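Summary of the model geometry
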Amino acid sequence: MSVPPVWYYVRDLDVARGFYRSTLGFEETAVDFDERWSQLKHGVMEIGLAEGEPEEDSAVAHVDVNDLKSEADRLRTAGVNVGIILELQGEMRLLDVYDPDGNRIQLAQEL
């Protein structure tokens, strides 16, 4: 099992696991209920969640999606804290999404 490059601290591991799996579509690859951590994967992006106090300046997961505009609409409808879509010179669209603890995840679509 590899060590994820991005780890987020979350106040409630069970709530965070549900958000990442159900709302963002991550697949859980490992979980330790005694030590209170989880590892998840979305495409090639692997992240870890650990119970604790969230950090303001943590690393940011970069997740590729096929249709960023539709994903932004879906997440807004679901009540997720979503930023604005930024387009980089017709090359890529980016969108910041925040989990229930304020950790930032960046969704990306290559154009």
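Description of the structure in this document. A quick note: this is a predicted structure, and the numbers were derived from the prediction, not measured.

A closer look at the overall build of the protein chain
The secondary structure content of the protein chain amounts to two helices and nine strands. Moving toward the C terminus, one meets the helices and strands of the protein chain in the order β-α-β-β-β-β-α-β-β-β-β. Along the first, second and third principal axes, the C-alpha atoms of the protein chain reach 45 × 30 × 25 Å. Sequence separation of at least 24 residues holds for 51% of the intrachain contacts in the protein chain that already meet a minimum separation of 6. With the model as given, the accessible surface of the protein chain reaches about 6400 Å², and the carbon-plus-sulfur share is 45%.

Concerning the packing of aromatic side chains
Scanning the entire structure with this criterion turns up three aromatic pairs. Both rings, one in Phe19 and one in Tyr20, keep their centres 5.4 Å apart while their planes meet at 90°; by these two values the pair is edge-to-face. Taking relative accessible area as the criterion, Phe19 reaches 9% and is therefore assigned buried. Centre to centre, the rings of Tyr20 and Phe26 are 5.5 Å apart; their planes meet at 80°, and the pair counts as edge-to-face. Like Tyr20, the residue Phe26 is buried in the burial classification. Each member of the aromatic cluster is reached from another via a ring pair, and the members are Tyr8, Phe19, Tyr20 and Phe26.

What about the environment of Glu71?
Within the secondary structure layout, Glu71 lies in helix 2 (residues 68–77). Separated by 36 residues in the primary sequence, Glu71 and Leu107 have C-alpha atoms spaced 8.9 Å apart. If sequence neighbours within four positions are ignored, Glu71 has contacts with Val65 and Leu107. Among the polar contacts made by the side chain of Glu71, one reaches the side chain of Arg74 at a distance of 2.6 Å.

A few points about the pattern of salt bridges
All told, the structure shown has ten salt bridges when counted by the stated rule. Close ionic contact of Arg11 with Asp101 constitutes a salt bridge, the shortest N to O distance being 3.0 Å. Remark: Asp101 occurs in the loop between strand 8 (92–98) and strand 9 (104–110) and Arg11 occurs in the loop between strand 1 (6–10) and helix 1 (13–23); sequence separation between them is 90 residues. On the accessibility criterion, Arg11 (48% relative accessible area) is partly exposed. Using a relative accessible area of 17% as the deciding quantity, one classes Asp101 as buried. When the shortest N-O distance is used, the salt bridge between Arg93 and Glu87 registers 3.2 Å. Classification of Arg93 as buried rests on a relative accessible area of 16%. Among the residues examined, Glu87 registers a relative accessible area of 44% and is labelled partly exposed.

What counts, and at which threshold
Residues numbered from 1 in each chain as written. Predicted model: local features only at pLDDT ≥ 70, side-chain atom pairs only at ≥ 80, totals over all residues. Heavy atoms only, no water. Helix = DSSP H or I, 4+ residues; strand = E, 2+ residues; numbered from the N terminus. Contact = heavy atoms within 4.5 Å. Areas by Shrake-Rupley, 256 points an atom, 1.4 Å probe, with all protein chains shown as cover. Phe/Tyr/Trp six-rings, centres within 6.5 Å; stacked < 30°, edge-to-face > 60°. Buried < 20%, exposed > 50% of the residue type's maximum accessible area, 1.4 Å probe, protein only. Polar contact = N/O pair within 3.5 Å; in protein donor to acceptor, adjacent residues only side chain to side chain. Salt bridge = Lys/Arg side-chain N within 4 Å of Asp/Glu carboxyl O.

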